[in-house]
Every structure is written in structure tokens, then in C-alpha cells.
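Examining the three-dimensional arrangement
Residue-level listing of the chains:
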Amino acid sequence: QVTLVESGGGLVQAGGSLRLSCAASGRTFSSYVMGWFRQAPGKEREFVAAISWSGGSTYYRDSVKGRFTISRDNAKNTVYLQMNNLKPEDTAVYYCAADRAGWISARRDDYDYWGQGTQVTVSS
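These remarks concern the structure in this document. (Residues numbered from 1 in each chain as written. Predicted model: local features only at pLDDT ≥ 70, side-chain atom pairs only at ≥ 80, totals over all residues. Heavy atoms only, no water.)

What about the state of the cysteines?
Let me state the cut-off plainly: Whenever a pair of cysteine sulfur atoms sits within 2.5 Å, that pair is classed as a disulfide. For the purposes of this entry, the term helix denotes a DSSP run of H or I that reaches at least four residues, the term strand denotes a run of E that reaches at least two, and both are numbered from the N terminus.
Evaluated as defined, the whole model comprises one disulfide. Shown here is the disulfide that connects Cys22 with Cys96, its sulfur atoms set 2.1 Å apart. Its S-S torsion of about -75 degrees marks the bond between Cys22 and Cys96 as left-handed, since a negative value means left-handed. Separated by 74 residues along the polypeptide, Cys22 in strand β3 (residues 18-24) and Cys96 in strand β9 (residues 92-99) bring together distant segments of the chain.

What follows is the structure, given as C-alpha cells:
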């Protein structure tokens, strides 16, 4: 069992930056693929970024490439999402997720554990 707790959301102006953190419980954190998803009002939850267990491989949705960076610190059981040059369309609740399978995936159904989410609001 893994418990995930996100933090770092907030209100920021367009062009600004935020860094989200996701703290995980459990001794097997370093074996999980970790992902970030987001859900805007009235829309389905969508993939944002994922990182392999070692941190050596990452994958992003096209709209955030070059602006967002996912990273992890296995010693701290934490995964991060650095978000730069934020746009109003990035406004959503951001969720951290863990995948036991071991390979990077953008599919929601592949993820086994989810956090409660943190709100990110970007004003124009």
C-alpha cells in the first residue's frame, strides 16, 4: 500500500512558476513509476508527465514539453513537477499517481495509487 500526498499548488499569474511535490509512504517507492495527471472542471483526467523508477526516463504530454519537468528523489520518497511559463489552460487539480508495473505509461488505468490532488490556478 502506498499513500500519496501532493502539495505546492496555488494561484499564479500567466508566465509564472510553481513546483508541485508528492510525498509517498512505503518502502517500495523507488520501484514505482510515478506520474502526474490533471483534471480541469468538466473535463476528464489527463496525463501530464511520468518518470521511471530510476529517474532516467521521462515522458510528457506535448502541451507541457519544454515548460514542465518531472523529477524524483528516492531517498526522500518524493516526486516533483516543476511548472514554468504557466498558462491559463494549465488550470486544474493536479494528481500524483504510482504505477507498480515498472514501465512508463500515460494511461490512467495503469496507475494503482492516487493522491488527493492539489489545485493549480493560472490567471491571465
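Description of unusual backbone geometry
Our working definition: Partly exposed residues are those whose accessible area sits between 20% and 50% of the maximum for their type, while under 20% is buried and over 50% is exposed, using a 1.4 Å probe and protein chains only.
In this structure, Asn77 is a non-glycine residue whose phi angle is positive, near 55 degrees. Residue position: Asn77 is located in the loop between β7 (68-73) and β8 (78-83). The backbone phi angle of Asn85 is positive, close to 50 degrees, even though this residue is not glycine. Position of Asn85 among the secondary structure elements: in the loop between β8 and β9. What makes Asn85 partly exposed here is its relative accessible area of 41%.

Regarding the sheet that holds strand β1 (residues 4-7)
The pairing of strands in a sheet comes from backbone hydrogen bonds and takes either a parallel or an antiparallel form. Formally: Strands are labelled as partners when DSSP assigns at least two bridges between them. Between the N-to-C directions of two axes lies an angle of 0 to 180 degrees, each axis being a line fitted to C-alpha atoms and, for a helix, fitted only over the stretch in contact.
The strand order β1-β3-β8-β7 describes an open sheet built from four strands, whose pairing is antiparallel. The open sheet has two edge strands with one neighbour each: β1 and β7. Going from strand to strand, the sheet's axes swing by 15 degrees on average, the running direction of each strand aside. With six bridges joining them, β7 and β8 adopt antiparallel strand pairing. Bridged to Ser71 within β8 is Tyr80.

Geometry only, nothing functional implied.
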